[in-house]
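# Chains, contacts and geometry: an overview
Each chain, letter by letter, is given below.
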Amino acid sequence: MTYRLIGGEMLVWSDLDGTHGPGPVRGEALAPFLAAARGRTLVAGPHDPALLAGLTGATVLVRGVPDAERLAGLPGLEVLCGSVAKLAAEEPFDTVIALDGLERLGTAEHDELSWAQTLDVLRGVLKPDGLLMLALENPLGVHRLVAPLRPPSDSDWTPAWDDTRPAGPGPLTGSGASRVYALYPDPVRPRVVLETTRDDAAAEAVVAGAFDDDAEVLTDPVPPALASLRQGHVLAPAWVVVAARTRDALRTPATAPGAAPGTRTLLSRIAGAAARRDLPAVRELLGSWLDGPAAGVPAGQVLSGPDGTLTPLAPAGDVAATLRDLADRLQRGGHPWPGVTGVTDLAATLAAMAGREPAIGDEPSRRALPFAELRADRDRLTRELAEARAQAAFLAEELTAREADLRLARRTVELLSGTGPARAGRAFVGGVRAARRLLRRP
């Protein structure tokens, strides 16, 4: 199929190739939103072609001609290329989807619209009983709090904060029916989609497992993400608001099932018992984990019910590897074994508490140390080096003082050995020895 230029298009710009910014919004976690679309659908902004493949009959709006040419090759799609401001001439839609937000809908070939004006354009092409799905990045999201400073990309041409842009999803819910979903770990590449009302153990497990261990971050993002989950996802990287005027018109995507009340992850139970120095509870939890069907499943991916029943959320793997993973997480959060010397030693201690003796090798950690932990390690090594230097200086002073005392003692002995009584004593002892030798002769 071909594409249609609506005005304000950029001839050489592409959001899909990732050379001018983070690339299109993508990920299988977003597929349920597009599956919930109904009727005539508009998808506004850069979306991964893999997400659009199943949207037969949908209309897609992009701002770059290269992106329009690429999407025109997908069957069943009507592709519009140009500024969002030119959408007013289009027929109204039953569903409008903007999972990338509104920031990448304007073009350099048209007057820049504010965030609120862009939203008004999208609402203007939505039928009165239509369905709106809009993503909103969180400026205080955990992905921003832990990310190192990077130079802006070519697509970050907005000069300053837009005062018309809401800081949270609340103003977008309006007076009609709506649902709000949190995205983790990144607004562009989410892996987990949860309703903001979810704070159960299953949600905790999927959020903790969404972050990469090899990502370059300032500090571990999992603790603030889990704290955010318990506070209504206030630090979620982004939200998606699904809104309609009536509850009958509202269609919501399917998300992961929740857990029963009172359920927690095994990791949180073990970490809590370790923080309380409750070693019998730690031993009991480790024993039920390693002696049951959940052995080999990471503790963060095991649900622990109020009655102690363990439910694994992932396939089992190597027991030694899961013990090392648990030891690594306890090492970061604190534990009651100050004598351990590292992750391997702590993993062996945990195994011994459960009556196990797995072969735990001294393998390097696959987790990239965040900058905050690297700085903490540097400060710890600096303190240890200062203490070692102070101890070495003290021992050097002690050694110097004892050498001086020894030299004084030697001089005293030499002085005393040269006096008259000393010479008379030596002559007497020499005479006694000579007399004994004479008496011993036959």
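Refer to the preceding data block for the structure.
These lines cover the structure that appears in this document, whether it is placed above or below. (Residues numbered from 1 in each chain as written. Predicted model: local features only at pLDDT ≥ 70, side-chain atom pairs only at ≥ 80, totals over all residues. Heavy atoms only, no water.)

### With respect to the packing of aromatic side chains
The condition is simple: Aromatic pairs are defined between Phe, Tyr and Trp rings, using the six-membered ring for Trp, whenever the two ring centres lie within 6.5 Å; interplanar angles under 30 degrees are classed as stacked, those over 60 as edge-to-face, and all others as tilted. A run of H or I in DSSP counts as a helix once it spans at least four residues, and a run of E counts as a strand once it spans at least two, with each numbered from the N terminus. Exposure categories follow from relative accessible area, calculated using a 1.4 Å probe and restricted to protein chains: below 20% of the type maximum is buried, above 50% is exposed, and the middle band is partly exposed.
Summed over all chains, the structure comprises 1 aromatic pair. Taking 5.5 Å as the distance between ring centres and 90° as the angle between the ring planes, the aromatic pair formed by phenylalanine 33 and tyrosine 181 counts as edge-to-face. A residue pair is termed long-range when its members are at least 10 positions apart, and phenylalanine 33 in helix α1 (residues 31-35) and tyrosine 181 in strand β7 (residues 177-184) qualify at 148 residues. Accessibility expressed as a relative area gives 0% for phenylalanine 33, which makes it buried.

### Some points on helix α11 (residues 319-333)
Let me state the cut-off plainly: Expected helix span is taken as 1.5 Å per residue step, with the number of steps being one fewer than the number of residues. Two residues qualify as a contact provided that any one of their heavy atoms is within 4.5 Å of a heavy atom in the partner residue. By the criterion applied in these results, polar contacts are pairs of N or O atoms within 3.5 Å in which, for protein atoms, one can donate a hydrogen and the other can accept it, and in which residues neighboring in sequence qualify only through two side-chain atoms.
Here α11 contains 15 residues, and its C-alpha end-to-end distance of 21 Å stays within 8% of the 21 Å for a straight helix at 1.5 Å per residue. When we look at burial in α11, the residues that qualify are Ala320, Thr322, Leu323, Arg324, Leu326, Ala327, Asp328 and Leu330. Residues of α11 that are buried make contact with α9 (266-275), α10 (279-290) and α12 (343-353). Regarding α11, its N-cap is aspartate 318, as a side-chain oxygen of that residue lies 3.5 Å from the backbone nitrogen of alanine 320 further along. After α11 finishes, the residue glycine 334 shows a positive phi value of roughly 105°.

### Concerning the pattern of salt bridges
As a reminder, the rule being used: Definition used for salt bridges: Asp or Glu carboxyl oxygen within 4 Å of a side-chain nitrogen of Lys or Arg.
Here the structure, examined in full by the defined rule, presents 13 salt bridges. Two residues, arginine 165 and glutamate 103, come together in a salt bridge whose shortest N-O distance is 3.0 Å. Of the two residues, arginine 165 is situated in the loop between α5 (142-145) and α6 (170-173) and glutamate 103 in the loop between β5 (93-98) and α4 (115-124); the sequence distance between them amounts to 62 residues. For arginine 165, a relative accessible area of 10% puts it in the buried group. Aspartate 325 serves as the salt-bridge partner of arginine 329, at 3.3 Å between the closest nitrogen and oxygen. In this pair, arginine 329 and aspartate 325 both sit in helix α11, 4 residues apart, roughly one turn of the helix. You can call arginine 329 partly exposed: its relative accessible area is 24%. Aspartate 325 sits in the partly exposed class, given a relative accessible area of 22%. Overlapping salt bridges, with partners in common, bring together Arg4, Glu78 and Glu90 in one network.

### Side note on a nonpolar patch on the surface
Short version of the rule: Exposure above 30% relative accessible area and no salt bridge define the residues that can form patches, which grow by joining like charges within 9 Å and nonpolar side chains of Val, Leu, Ile, Met, Phe, Trp and Tyr within 5 Å. For accessible areas, the Shrake-Rupley method is used with a probe of radius 1.4 Å. Any residue's cover is judged against the shown protein chains and nothing else.
A cluster of nonpolar side chains, Leu218, Phe371 and Leu374, forms an exposed patch at the surface whose accessible area comes to about 230 Å². For leucine 218, the location among the structural elements is in the loop between α7 (201-208) and α8 (222-230). Taking relative accessible area as the criterion, leucine 218 reaches 32% and is therefore assigned partly exposed.

### Things to note about the sheet that holds strand β8 (residues 192-195)
Inclusion rule: In this analysis, strands are considered paired if DSSP registers two or more bridges between them. All axes are obtained by fitting lines to C-alpha atoms, using only the stretch in contact for helices, and the reported angles, taken between N-to-C directions, cover 0 to 180 degrees.
If you trace the 9 strands from one edge of the open sheet to the other, you get β1-β4-β3-β2-β5-β6-β9-β7-β8, paired in mixed fashion. Every interior strand has two partners, whereas the edge strands, β1 (3-7) and β8, have only one. Averaged over all pairs of adjacent strands, the angle between their axes in this sheet comes to 20°, without regard to strand direction. In the sheet, β1 pairs with strand β4 (residues 78-82) via 4 bridges, with the strands oriented parallel.

### Observations regarding the nonpolar core
Grouped burial of nonpolar side chains is what soluble globular proteins tend to show. Spelled out, the test is: By nonpolar core we mean a set of buried residues, namely Ala, Val, Leu, Ile, Met, Phe, Trp, Tyr and Cys, connected to one another through side-chain atoms within 4.5 Å.
Ranked by size, the top nonpolar core spans 43 residues in total, and within it Leu87, Leu122 and Tyr184 carry the most contacts. Those residues within four positions of tyrosine 184 in sequence are excluded, and the remaining contacts are Pro190, Arg191, Val192, Val207, Ala210, Phe211, Ala225, Ser228, Leu229, His233, Ala236 and Pro237. Among the nonpolar cores identified, the runner-up in size contains 36 residues, and Ala37, Val62, Ala68 and Val240 belong to it.

### Some words on unusual backbone geometry
With an omega dihedral of -5°, the bond running from tyrosine 184 to proline 185 counts as a cis peptide bond. In this structure, proline 185 sits in the loop between β7 and β8. In this structure, histidine 233 is a non-glycine residue whose phi angle is positive, near 65°. Within the secondary structure, histidine 233 sits in the loop between α8 and β9 (238-244).

### Describing the sheet that holds strand β10 (residues 264-265)
As summarised here, the arrangement of the 3 strands in space is β10-β11-β12, forming an open sheet in which the pairing is antiparallel. The sheet is open, and its two borders are formed by β10 and β12 (310-312), each paired with just one other strand. Relative to strand β11 (residues 302-304), β10 runs antiparallel, the two being bridged by 2 bridges. Bridged to threonine 265 within β11 is leucine 303.

### Quick notes on a positive patch on the surface
Note the threshold: We count Lys and Arg on the positive side and Asp and Glu on the negative side, and we leave His and both chain ends out. Think of each charge as sitting on NZ of Lys, CZ of Arg, CG of Asp or CD of Glu.
A surface patch of like charges, here positive, comprises Arg433, Arg436, Arg437 and Arg440. With relative accessibility at 63%, the residue arginine 440 sits in the exposed group.

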